[in-house]
Amino acid sequence: MTIGKVATFLSGGQILGIFLFPGANAKPWFSTPNEGCPAIEGEIPCPTACVRDMDDCPQIFQKASHCSDSEYDCGDGTCGNGTDFWDACPFHPCSELDEELKLQLRPCPQRKVAVLLPPGSDEEYMNERVYENCGVADLGDNVYSLADYKPTLAFGEPGFRFLYTVWILFFVLLGLYTLYKKQAERKIFDSKEGNGISLNQGQLTNQDSSSEVRLLGYRNDTIGTAMFWYLVAFVMSWLGLMAATVLDRYTLLGRPKVFKTEYYIDLVFILAWWGTLITLLSLMSRRDVRPFFRIRTPLAHATKITILKKRNDEVIVNRNQQTTVSRIAMKMDQITRRHLGAWTSETVDVRRSPTSDTPASFEYQCVRYAYDSKIQTYRLANVHIGPENGVIKSGVDGIPSPKATKIAAFVGPNLIHVNVASLPVAVAQEFCGLFYLYQMMCLWVWCIFCYWKMALVLLCVVGGSALLRITLSLQARRRIKTMAEHTHPCTRLSSGRWMETDSSELVPGDIIRLRKDETVPCDAVVVQGYVIVDESMLTGESMPVQKFAIGSTGNYKKEGSSRKNTLFSGTSVLQTSEAEAGASDSQVVLAMVESIGAHTDKGKLIRNILFPNRVTFAFNEELKVVFLILGFWGFFGGILGAVLMDATSLSAFFYAVTTISQIISPIVIAMLVVGESVAATRLRKSKIHCLDHSRIPLSGKVRIFCFDKTGTLTCEGLEWESGHPISDGAFLEAKERPRDLPFIMQMCLASAHTISVLGDQLVGPPVDIEMFKTSKWVMESQGSNNRKLVGPDGEVIEVIKCFEFEHALMRMIVAVRDTFTGDVHILCKGSFESIGRITRQATLPRSYDSVAASYARRGCYVLGVAHRNLGPLSDAEILSMSRSDMEAGIEGIGLIMFRNKLKPDTADALMELRSGHIRPVMITGDNTMTGICIARECLLTSSRDVPVYLADVNDRGELIWTDVDTQEIVDIGEVRARSYKGLKRRSLADMIKGKESVAVDLETPQYELAVTGPAFDKLCEQNKLRDMLLQIRIFGRMTPDGKVKCVELHMEQAIVGMCGDGGNDCGALRTAHAGVALSEAEASIVSPFASKSRSIQSCVQLVKEGRCALATSLNSYRFTILYGEIIVFQKLIGFYFATFVSEWTWMIVDCCIMVFLSWALTQAKACQSLSKFRPTARILGVETLATVVGMLSINFSYMLGSVLWFLNDPVFRCKQFNGNIVDVGKWWLLSANYEGEIMAFVVIFQLLGIASLVNSGFEFRRAWWKNWIFLGILGIMVAVYLALLLANPNWLGCVFELNCGTDRAMKNLGYNLLGVETWGPPAASQWEHNVLMGAERLKLLCIILGNFATLWIFQNFVILGPIRRRLRASRPQERLKLVH
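> Quick question: what am I supposed to make of the overall build of the protein chain here?
Summing up its helical and strand segments, the protein chain has 46 helices and 45 strands in all. Counting all 1380 residues of the protein chain, 55% fall into the buried class. A sequence separation of at least 24 residues applies to 74% of the contacts in the protein chain between residues at least 6 apart. Just so you have it, the protein chain exposes about 59,100 Å², and 56% of that area is on carbon and sulfur atoms.

And the structure:
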């Protein structure tokens, strides 16, 4: 088989054409153009005659010259000036023949002859008549006709022989290298060096990841490196050959053309195109291209490590509501991974130290791993301190320098290494994706097929958007790198001496000294003194946080009870005990380095940003199926387009690829994500910063929004309400004024806290600050111990010892000395439940719990206080007491209440969320009764009067449900059974899965449920929580871990948002699909979204923008799909008639309509109110499919209708375009006809109509007429094309080849318009124009208006109107129903 036949077969032309339509070249197939019409007479140029002497030109050619005596006739209709003919016409038509024959040939003047062609004539018949009329058959011996010149491309020329050598030698050397590599590896692993280790080497142990990770060791090899660069040259040879053919097409490589003729240019391009595609696809399908050219080596001796990480299963949103389509998408993903590799790979360098005692190490995803010879693999290079507090305290003298040096060699520097790729590497990484390969291969075809203008436009769009993403990504990484690798001087204790050192040299176990205004360089444990820090960057908590020295007993728990003793890397020191007390050694703040680099909390957050877990979405899942469907349709449509145009020519390949490129637009992905970027910009203007743009459309599907209470729904601070003292086991009268309370309670208000003074600001928990302000006492000296407090009347007390508040115990305790009496008093403050458990029961009233609960039900923040008088004890005796010693025998002395006010806009925001059918849920660490009161006040519950049943655990560990209003114990099973109105009970999971046809209506609330933290844990243990989860409105007394678990359980049922102010909400904020941290710190990395406004209106705005972004993405998808299919159908109809629309019309369609209108669609702003519906994310759902299929069917019907009108209207009789005599490879010659003009008008207005309709809608985006940018672009385009349709012929129409013709035709029609010089292929039509008369223009306008009217009726009555509502009512979908 010859190379030409192979290329023709690969071009797609013969795949179906040979077997189904042998020799098919008549256009159209089933009718004869202009049948029954007179023969067409046209002037057709004669074949060029080449002579050595102009006198040898036949007479018919000599009389044809139109050049002056001073000019030379170049033989192609042009005249040139110069010293001689070859100077005047260097690129004359005979130059290629002259180069071959070496006869100094020059062309005879161009001559046209009249040819009479009957209807149905083909190109062969036309050429016979032309040859006959031109006398080409008998030109003489000295005349050479280009018609007889068939130049051949010698594939044996030196250039091709060089390429053959490169290609053949590559495969030969590749085979030899493969044998060499196997032999070398076998030799290594069989030797002593390999110790018989199997090639399947070890796994990465102790990695900070849930994915399986494997390690493969390699070393560089000279032969392998040479082969790798040979591979690069091999790929570049294909690209270079393809580029050479494109340049030669436009004679940019000089004249004569390197590849001789257009045929050979096409032939070589097709070969190079397939070679490039196959080579790049082969490389992309392998994860180990570069490691293949290295030699496998045991890990102990490897210089390169390839890390294979198993792909994490994506987090499936709403697993219980998966559809058949989403399951198909998952199956496709599994098949793709199985065949293309279920592992990702990354190769890193191994660092080896000259000293033998330092193990080899490498860094992967910012984490350092070191080789462990005992297990013969790599493990985390980290050193742990503790875990006993006593051990940590005993290390206050630091570690010796030799030991520190050894540890430093093992763990590495205290830096978070962030790799920022260079611009060339970043560009290569960005463009190595499969879709970019598809785009590139399409653009190459556009360039060779004389559509380079639009290829350049799309290259700018695709390349510009990619470069923008690269630039933004590099800028973000550089910012992260600056933050992660920031170092500064610090003071370290080394071998008993203090020394200034760089923070990068710290190692775990070091003792550092902290001063005011320093940045904490690592995670460290305070072992002496106390410090106030700003943690807003890490937690979003705007209030300064106090940190105290660790105790001598117990175990260190960084994420638990010891958090108050831990300083976190990147936080700022605002004040220290040293600054308050002077340079006293006992008040110097010392901290032990606990972790460094990527092992710190800051490092983990940075790694979460750099290497996030993927979250899949219904939109993304089904997009894979869409591309699969479009791929099959593109393959079939490409072959059909090739067959329709010409099943036996190389141009069929180009028509096939251009058809495929329209079915799957190269810019479809860019258009789908633009809406996210626009939404992120608008959120930023609303002071909401987004770290992950992909979460924005996800937030538009939020069904449940969880809220913290304090600082989120309510104001930050608390207001004093009252105190209710207890004496002799009975409640006394409640007092509103703190000064009216017993002195012991006043002492408790003044001292039972850990607040500090930072300038003029009190720092500490809000309740402690308000309590101390209320007491009117003054702090003369401060610290965790040894504080001196002075009362309003001069009373003085001293704090001797303090045990800080612990979340697990829900209380704190202090020992103070009354300087007047000398007695030591133990004062304890905490939740009333906790105080009730530890106090002597005889000192508490029987109504203690009920009274406290009644205050909580009124929305008060209730604390219990207790007291014990120890008498005159020494400081040493007090300091030696443990917490349990101090709490023993303590007596209750009263309750203190604070009022937590709602933020002004909380109720409005919650009502707006509820109107948008979003269920608000409260998850708070506060008392559940207080949470219920706040929930009722802000209408977080369905109503203020709805019954609320509270679950708690009694002293016997039993779960009990209580009516919070009547305090009666209820049987929750009976309550729920009554609310279901006798329907069969089933779990909510079964409801969602649709296992029964009857759905329980939860949208009519009859009660609300609330649970305490212990009850939450109990229900989880009993596996009952999931069954009632979506009826529980308030979760109280929740620990940070409990909040995370609660959010995770909700995420199993729906898409969940979480809003909090940081602090103990961090875990839940990071876990939720859409976490919103109310933080004034712009750089906060605690959650995907951070709002500086500190209002839950941010959540409303986020949902609005999310819904708008999702609707915009869906509309962009509809538009791009409809755009592609409309263009493809238009092309296929045009291929049938061998007609095309003009080049500049294509430019308008592909550039202005596709690019500009698609961009303008994304500029629609979010709707100002939330709809009760959410936008669908199902691009293959019934509604979306009905829209696309329906609109496409309507448009295709009107396309066919316009064709039938043209074929049957008497006005157009004998005006059909005869494609039989046309070179269909020159598509730019196929537009000067009525068929191309009619299809151009119909299709352009169809696209404009589709764009206007997908821009409509008001549920999630503002009304269509408020998108001024879109209306401006649309209005201009409609006005221009209406003018081209309705106005008389004009210069603009001639540019687009619409309502135009030749000068002669224009004058014959009575128009004083300078037309075009030539009009399409000669003799293709006897009419040298396509001017529509007035009646035809109006008929075509009626078709266009009828098309738009049908589309409008279909959308507004079927898709969005009464038919849709009726179908929804008759066939309701199984949906998750919630009490909003």
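On we go from here.
> What is the right way to read a negative patch on the surface from this model?
A cluster of acidic residues, D122, E123, E124 and D1223, forms a negative patch on the protein surface. Residue placement: E123 occurs in helix α6 (residues 123-134). The class of E123 is partly exposed, set by a relative accessible area of 35%.

> How should I be thinking about the sheet that holds strand β24 (residues 688-690) in this particular structure?
As summarised here, the arrangement of the 11 strands in space is β24-β45-β44-β43-β25-β37-β42-β41-β38-β39-β40, forming an open sheet in which the pairing is mixed. One side of each edge strand has no neighbouring strand; the edge strands of this open sheet are β24 and β40 (969-970). In the sheet, strand β39 (residues 959-963) pairs with β40 via 2 bridges, with the strands oriented antiparallel. Within β40, the residue paired with T962 across the bridge is I969. On top of the sheet, helix α34 (residues 1013-1021) reaches β38 (948-953), β39, β41 (1008-1011) and β42 (1032-1035); it is set at about 80 degrees to β38, its chief contact.

> Teacher, can you tell me more about the packing of aromatic side chains here?
Two numbers describe a pair of aromatic rings. These are the distance of the centres and the angle of the planes. Considering all chains together, one arrives at 44 aromatic pairs under this definition. Plain terms: the ring middles of F170 and F171 are 5.5 Å apart, the flat faces sit at 75 degrees to each other, and that makes the pair edge-to-face. For the ring pair F449 and Y655, a centre distance of 5.0 Å and an interplane angle of 90 degrees mean the geometry is edge-to-face. With a gap of 206 residues between them, F449 in the loop between α15 (434-448) and α16 (452-484) and Y655 in helix α21 (residues 651-663) connect regions that are remote in the sequence. Three or more aromatic residues joined by ring pairs make a cluster, and in this case those are F269, W273, W274, F449, F653, F654, Y655, F1135, F1140 and W1146. Here the guanidinium or amino end of R106 rests over the ring plane of F85, the centre of that ring lying 4.3 Å away.

> Help me understand the packing of α16 against helix α19 (residues 601-610) in this model?
Packed helix pairs are specified by the crossing angle of their axes together with the interaxial distance, meaning the distance between the axes. Axis separation between α16 and α19 bottoms out at 11 Å; the angle between their running directions is 170 degrees. Taken together, the axes of α16 and α19 are roughly antiparallel relative to one another. Here R477, I480, M483 and A484 of α16 come into contact with α19, specifically with K602, I606, I609 and L610. For the contact of α16 with α19, the class distribution of residues is 6 nonpolar, no polar and 2 charged.

> Please explain empty space enclosed by the protein as it appears in this structure.
Tallied over the entire structure, the rule returns 9 cavities of 30 Å³ or more. If you add up the space inside the largest cavity, you get close to 110 Å³. Every residue along the wall of the largest cavity is listed here: W446, F449, Y451, T658, S661, Q662, K1131, F1140, W1146 and W1227. Here the lining of the largest cavity is composed, by residue class, of 6 nonpolar, 3 polar and 1 charged. What the second largest cavity holds in volume is close to 90 Å³. What lines the second largest cavity is a set of 14 residues, and nearest its centre among them are R368, V411, P413, L415 and A598.

> Can you walk me through the pairing of strand β36 (residues 891-899) in this structure?
Looking down a regular strand, the side chains alternate between one sheet face and the other. Within β36, 7 of the 9 residues are buried, leaving the element largely enclosed by the surrounding structure. Here 8 bridges tie strand β35 (residues 860-871) to β36, and the two strands are oriented antiparallel to one another. From the neighbouring strand, V865 faces β36, where its bridge partner is G894.

> Looking at this structure, how should I read the sheet that holds strand β23 (residues 590-595)?
Through backbone hydrogen bonds, the strands of a sheet pair up, either in parallel or in antiparallel fashion. Pairing is antiparallel in the open sheet, where 6 strands are placed in the order β16-β15-β17-β23-β18-β21. At either end of the open sheet lies a strand with only one pairing partner, and these are β16 (497-502) and β21 (566-567). Strand direction decides the pairing type here: strand β17 (residues 511-513) and β23, joined by 3 bridges, are antiparallel. Directly across from I512, in β23, lies its bridge partner A591.

> What is the right way to read the nonpolar core from this model?
The nonpolar side chains of soluble globular proteins are, as a tendency, buried together. F269, W273, I1153, F1241, Y1281 and L1340 are the most contacted members of the largest nonpolar core, which has 163 residues in total. For F269, the residues in contact, after removing those within four places along its chain, are M242, T245, V246, W444, V445, I448, F653 and F654. Judged by nonpolar contacts, the second largest core, of 67 residues, contains L698, F731, L940 and L1078.

> Sorry if this is basic, but what is going on with the pairing of β23 here?
Most of β23 sits inside the fold, with 6 of its 6 residues counted as buried. Bridge count for strand β18 (residues 523-528) against β23 is 5 bridges, and the pairing is antiparallel. Each bridged residue has a counterpart across the sheet, and for A524 the counterpart in β23 is V593.

> What exactly am I supposed to notice about the side chain of K1131 here?
Along the chain, K1131 turns up in helix α38 (residues 1097-1137). Although buried, K1131 forms no salt bridge, and the nearest oppositely charged side chain, D1150, lies 6.8 Å from it. Residues in contact with K1131, not counting those within four places in the same chain, are T658, T659, Q662, F1140 and W1146.

> Looking at this model, I keep getting lost on the pattern of salt bridges. Mind explaining?
Pairing between side chains of opposite charge can happen when their charged atoms approach one another. Considering all chains together, one arrives at 26 salt bridges under this definition. Between K709 and D926 there is a salt bridge whose closest N-O contact spans 2.8 Å. Residue K709 is located in the loop between β25 (704-707) and β26 (719-727), and its partner D926 is located in the loop between β37 (919-923) and α31 (928-937); the two are separated by 217 residues in the primary sequence. On the accessibility criterion, K709 (0% relative accessible area) is buried. K901 is the salt-bridge partner of E719, the closest N and O atoms lying 3.4 Å from each other. In this pair, E719 is assigned in strand β26 and K901 in the loop between β36 and α30 (906-915), connecting sequence segments 182 residues apart. We classify E719 as partly exposed; its relative accessible area is 38%. Residues joined in a network through salt bridges with shared partners are R811, R883 and E887.

> Explain the environment of A598 to me, please; I cannot follow it from the model alone.
As for its position among the elements, A598 is in the loop between β23 and α19. Classification of A598 by relative accessible area gives buried; the value is 5%. Measuring from C-alpha to C-alpha, the distance between A598 and V418 comes to 10.0 Å, with 180 residues separating the pair along the chain. For A598, the contacting residues outside a window of four places in its chain are C366, V367, L415, I416, G603, K604 and R607.

> Would you mind going over the confidence of the model for the protein chain with me for this structure?
Where the model shows low pLDDT, its predicted coordinates should not be examined in detail. This prediction gives the protein chain a mean pLDDT of 80; 85% of its residues lie at or above 70. Overall, residues 194-200 carries pLDDT values under 50, and its contacts beyond four positions in sequence, including any with other chains, amount to 13 contacts.

> Help me out: how do you make sense of helix α13 (residues 401-411) in this one?
Because an α-helix packs 3.6 residues into every turn, residues spaced three or four apart end up facing the same way. Every buried residue of α13 is accounted for by A404, I407, F410 and V411. Across the axial projection of α13, the buried residues extend over an arc of 120 degrees, all falling on one side. Opposite the buried face of α13, by more than 90 degrees, sit the exposed residues P402, T405 and K406. Buried residues along α13 sit against β13 (367-372) and β14 (377-380). Trailing α13 by a residue or two, G412 shows a phi angle of about 85 degrees, which is positive.

> Would you mind showing me how to read unusual backbone geometry here?
The bulk of non-glycine residues show a negative phi, and the bulk of peptide bonds are trans. Phi angles above zero are rare outside glycine, and C366 is one such case at about 75 degrees. Mapped onto the secondary structure, C366 falls in the loop between β12 (361-364) and β13. Despite not being glycine, K776 shows a phi value in the positive range, around 70 degrees. Along the chain, K776 turns up in the loop between α25 (766-775) and β30 (778-781).

> How do you make sense of α38 when you look at a structure like this?
Here α38 spans 59 Å end to end across 41 residues, near enough to the 60 Å set by a 1.5 Å rise per residue. Among the 41 residues in α38, 38 count as buried, and that is most of the element. Trailing α38 by a residue or two, A1138 shows a phi angle of about 60 degrees, which is positive.

> Help me out: how do you make sense of the state of the cysteines in this one?
Between two cysteines, a covalent bond joining their sulfur atoms is known as a disulfide. Inspection of the entire model under this criterion finds 6 disulfides. Residue pairing for C74: its cysteine sulfur links by disulfide to C89, the two sulfurs lying 1.8 Å apart. As the torsion about the S-S bond is roughly -70 degrees, the C74-C89 disulfide counts as left-handed. Pair noted here: C74 is in the loop between β3 (72-73) and β4 (79-80) and C89 is in the loop between α4 (85-88) and α5 (95-101), with a separation of 15 residues, a long-range link. The partner cysteine of C1294 in its disulfide is C1300, sulfur to sulfur 1.9 Å. Across the S-S bond linking C1294 and C1300, the dihedral sits near 85 degrees, which makes this disulfide right-handed. Taking relative accessible area as the criterion, C1294 reaches 11% and is therefore assigned buried. For C1300, a relative accessible area of 0% corresponds to the buried category.

The rules we used
Residues numbered from 1 in each chain as written. Predicted model: local features only at pLDDT ≥ 70, side-chain atom pairs only at ≥ 80, totals over all residues. Heavy atoms only, no water. Helix = DSSP H or I, 4+ residues; strand = E, 2+ residues; numbered from the N terminus. Buried < 20%, exposed > 50% of the residue type's maximum accessible area, 1.4 Å probe, protein only. Contact = heavy atoms within 4.5 Å. Areas by Shrake-Rupley, 256 points an atom, 1.4 Å probe, with all protein chains shown as cover. Patch = residues over 30% accessible without salt bridge, like charges linked within 9 Å, V, L, I, M, F, W, Y side chains within 5 Å. Salt bridge = Lys/Arg side-chain N within 4 Å of Asp/Glu carboxyl O. Lys, Arg positive; Asp, Glu negative; His and termini not counted. Charge placed at Lys NZ, Arg CZ, Asp CG, Glu CD. Pairing = 2+ DSSP bridges. Axes fitted to C-alpha atoms, helices over the stretch in contact; angles between N-to-C directions. Phe/Tyr/Trp six-rings, centres within 6.5 Å; stacked < 30°, edge-to-face > 60°. Lys NZ or Arg CZ within 6 Å of the ring centre and 35° of its normal. Parallel < 35°, antiparallel > 145°, perpendicular 65-115°, else oblique. Nonpolar A, V, L, I, M, F, W, Y, C, P; charged D, E, K, R; others polar. 1 Å grid on protein atoms, 1.4 Å probe; cavity = no way out; pocket = protein on both sides within 12 Å on 5 of 7 lines; lining within 4 Å. Points joined across faces, edges and corners; volume = space filled by probe spheres on them. Core = buried A, V, L, I, M, F, W, Y, C linked by side-chain atoms within 4.5 Å. pLDDT = per-residue confidence, 0-100. Arc of directions from axis to C-beta. Expected span 1.5 Å × (residues − 1). Disulfide = S-S within 2.5 Å.

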